[in-house]
Number of protein chains: 2
Amino acid sequence: MSKRPDPARRSERSRQAVLEAARELVSELGYAKVSIEAIAARAGVGKQTIYRWWRSKGAVIFDAFLALSQVGDSITLPDTGDIEADLKLVMRATVAEFADPAFEAPIRALNMEIINDPDLAAQYREKLAGPVDEAKKARLRSAQRAGQIAADADLDLALELLYAPLFQRWLHRSGPLTPQYADALVELTLKALRPA
Amino acid sequence: MSKRPDPARRSERSRQAVLEAARELVSELGYAKVSIEAIAARAGVGKQTIYRWWRSKGAVIFDAFLALSQVGDSITLPDTGDIEADLKLVMRATVAEFADPAFEAPIRALNMEIINDPDLAAQYREKLAGPVDEAKKARLRSAQRAGQIAADADLDLALELLYAPLFQRWLHRSGPLTPQYADALVELTLKALRPA
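The name that an unreviewed UniProt entry assigns to chain A is AcrR family transcriptional regulator, with the source organism given as Nonomuraea jabiensis.

S.K.: Where do I start with the overall build of chain A in this structure?
M.R.: Tallying secondary structure elements over chain A gives 9 helices and 0 strands in all. Secondary structure elements of chain A occur, N-terminal to C-terminal, as α-α-α-α-α-α-α-α-α. Projected onto its principal axes, the C-alpha positions of chain A cover 70 × 45 × 25 Å. Among the 196 residues that make up chain A, the fraction classed as buried is 46%. Look at the contacts in chain A between residues 6 or more apart in sequence, and 66% of them connect residues 24 or more apart. If you sum the accessible surface of chain A, you get close to 10,000 Å²; carbon and sulfur atoms cover 52% of it. Side-chain charges in chain A split into 27 positive and 27 negative, and the spacing between the mean points of these groups amounts to 6 Å.

S.K.: Would you take a moment to explain the pattern of salt bridges for this structure?
M.R.: Residues and elements named next belong to chain A. One pass over the full model with this rule turns up 28 salt bridges over all chains. With a shortest N-O distance of 2.7 Å, aspartate 183 and arginine 92 are connected by a salt bridge. Highlighted residues: aspartate 183 in helix H9 (residues 179-193) and arginine 92 in helix H5 (residues 83-99), separated in sequence by 91 residues. Residue aspartate 183 is classed as buried on the basis of its relative accessible area of 13%.

S.K.: Looking at this structure, I do not really get the interface of chain B and chain A. What am I missing?
M.R.: Interfaces are often sized by the amount of accessible area the parts lose when they come together. Across the contact, 32 residues belong to chain B and 32 residues belong to chain A. Between chain B and chain A the total buried area reaches about 3,200 Å² when both faces are included, carbon and sulfur atoms providing 64% of it. Where chain B touches chain A, the interface holds 2 salt bridges. Between arginine 169 of chain A and glutamate 160 of chain B there is a salt bridge; the shortest N-O distance is 2.8 Å. Where chain B packs against chain A, one counts 20 residue pairs in polar contact (both at pLDDT 80 or more). Among the elements of the structure, helix H6 (101-116), helix H7 (118-145), helix H8 (155-171) and helix H9 (179-193) of chain B are those that each provide at least two residues to the side of chain B that touches chain A. At 10 residues, the largest contribution of residues to the side of chain B that touches chain A is made by H8 of chain B. Here the side of chain B that touches chain A is composed, by residue class, of 19 nonpolar, 5 polar and 8 charged.

S.K.: Teacher, can you tell me more about the UniProt feature "DNA-binding region" (unreviewed entry) in chain A here?
M.R.: Feature annotation in UniProt places "DNA-binding region" (unreviewed entry) on residues 35-54 of chain A, given in this structure's numbering. Each end of residues 35-54 of chain A is marked by a C-alpha atom, and these two atoms are 13 Å apart; helix forms 75% of the span and strand 0%.

S.K.: Would you take a moment to explain the domain arrangement of chain A for this structure?
M.R.: All names here are of chain A. With domains assigned, chain A is organised as domain 1 (7-68) and domain 2 (83-193). Computed from C-alpha atoms alone, the centre-to-centre distance between domain 1 and domain 2 is 29 Å. Opposite the 10 residues of domain 1 that make contact, domain 2 presents 14 residues. Together, Tyr31, Phe62 and Phe65 form the three largest contributors to the area buried by domain 1 at its contact with domain 2, with a combined 51%.

S.K.: Could you clarify how one ought to interpret the packing of aromatic side chains in this entry?
M.R.: Two aromatic rings are characterised by how far apart their centres lie and by the angle between their planes. Within this structure, the stated rule accounts for 6 aromatic pairs over all chains. Consider the rings of phenylalanine 98 of chain B and tryptophan 170 of chain B, whose centres lie 5.2 Å apart with planes at 65°: the pair is edge-to-face. Remark: tryptophan 170 of chain B occurs in helix H8 and phenylalanine 98 of chain B occurs in helix H5 (residues 83-99); sequence separation between them is 72 residues. In this pair, the class of phenylalanine 98 of chain B matches that of tryptophan 170 of chain B, namely buried. Note on phenylalanine 167 of chain B and tryptophan 170 of chain B: the rings are 6.5 Å apart at their centroids and 35° apart in plane angle, and the pair reads as tilted. In this pair, phenylalanine 167 of chain B and tryptophan 170 of chain B both sit in helix H8, 3 residues apart, roughly one turn of the helix. In this structure tryptophan 170 of chain B comes out as buried when scored by relative accessible area, which is 4%. Among the aromatic residues, those joined into a ring-pair cluster are Phe98, Phe167 and Trp170 of chain A. In this arrangement the basic side chain of arginine 52 of chain A is found over the ring face of tryptophan 53 of chain A, its NZ or CZ atom lying 5.4 Å from the centre. Here the basic side chain of lysine 136 of chain A rests over the ring of tyrosine 163 of chain A, its NZ or CZ set 3.6 Å away from the ring centre.

Cut-offs applied
- Residues numbered from 1 in each chain as written.
- Chains lettered and ligands numbered in written order.
- Predicted model: local features only at pLDDT ≥ 70, side-chain atom pairs only at ≥ 80, totals over all residues.
- Heavy atoms only, no water.
- Helix = DSSP H or I, 4+ residues; strand = E, 2+ residues; numbered from the N terminus.
- Buried < 20%, exposed > 50% of the residue type's maximum accessible area, 1.4 Å probe, protein only.
- Contact = heavy atoms within 4.5 Å.
- Areas by Shrake-Rupley, 256 points an atom, 1.4 Å probe, with all protein chains shown as cover.
- Lys, Arg positive; Asp, Glu negative; His and termini not counted.
- Charge placed at Lys NZ, Arg CZ, Asp CG, Glu CD.
- Salt bridge = Lys/Arg side-chain N within 4 Å of Asp/Glu carboxyl O.
- Buried area = accessible area lost by both parts, 1.4 Å probe.
- Polar contact = N/O pair within 3.5 Å; in protein donor to acceptor, adjacent residues only side chain to side chain.
- Nonpolar A, V, L, I, M, F, W, Y, C, P; charged D, E, K, R; others polar.
- UniProt positions renumbered as here; feature names shortened; annotations may be inferred.
- Domains from an automatic or database assignment.
- Phe/Tyr/Trp six-rings, centres within 6.5 Å; stacked < 30°, edge-to-face > 60°.
- Lys NZ or Arg CZ within 6 Å of the ring centre and 35° of its normal.

Shown next as structure tokens:
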């Protein structure tokens, strides 16, 4: 048996250490105060190691966040046949997630990157938002088949109606994030989508 | 007549020069690349002059933006008696504004500040978003009196339903900003708010 180090494995260990360091530092210091130098020091790697894989601080933090919210291939929303109850369950969980201080720093950091960098915004849509939206739309389609949502409803717009108010309220800190708020968004959206 | 310089007037000239320099530089370089040094150089003032009035780059750029979108005391929305037509007019104008490349840089810079700084977020709500929202709610109240919107509708939530999807679509660059989009948002929102 050889005792040579395995470069691929060592490389993957360094990559994971960098991602973990980035997550920790963003949570401790906030996005603005985190530097590539600090991430390298915390991860125990050289700056050049980071720049071999990522082109900017934003790109590292984006990947750190992406790894955190591992989107599986098989996201599905609950489907009890009652679209209102199912959406309220999902929206209450989403509102609780946004209201959780532990999610605050990385999600805000992610949004900073998305605002500033159209390429990262496209990556975010492709890798993260896209698959999740597809799962949500599958549930809405099931509700369309059940006659609970208008057959001609624009489902992309439906998702915006449901989630964008929560996102904006969180981003601008313009109102409370409560279970009642989650329910109100579901009720208004379903009223807007009701069949004629 | 005295020829002594007027310190108050000179001071105000410097302030205006700083705000104009900040606006120009954000539009030319993007928020991330603008520094206090560059603003001071362009405005022809010392860095210490800027720090006398503002505590950070973000605060300067926030004020520069605020001065640009001077919110008068007397904003009113059109009221022809037809809430759908009036809101479509307003939303089409808002969508066009967001789609205008000239607004792109300062509005994105403003949002960066709001995400990062809860104090600036509060200022933004008080000085900018608040008065505009009040004007919009006055129009919705008029529609409530006319029986076009449910009397018990939550008007803050109504505004979120109407504007947040546009805001998120613009911020994440996740879809086209068209007059058709403006109309669709108005139609869905009014359906959600319809009296029973």
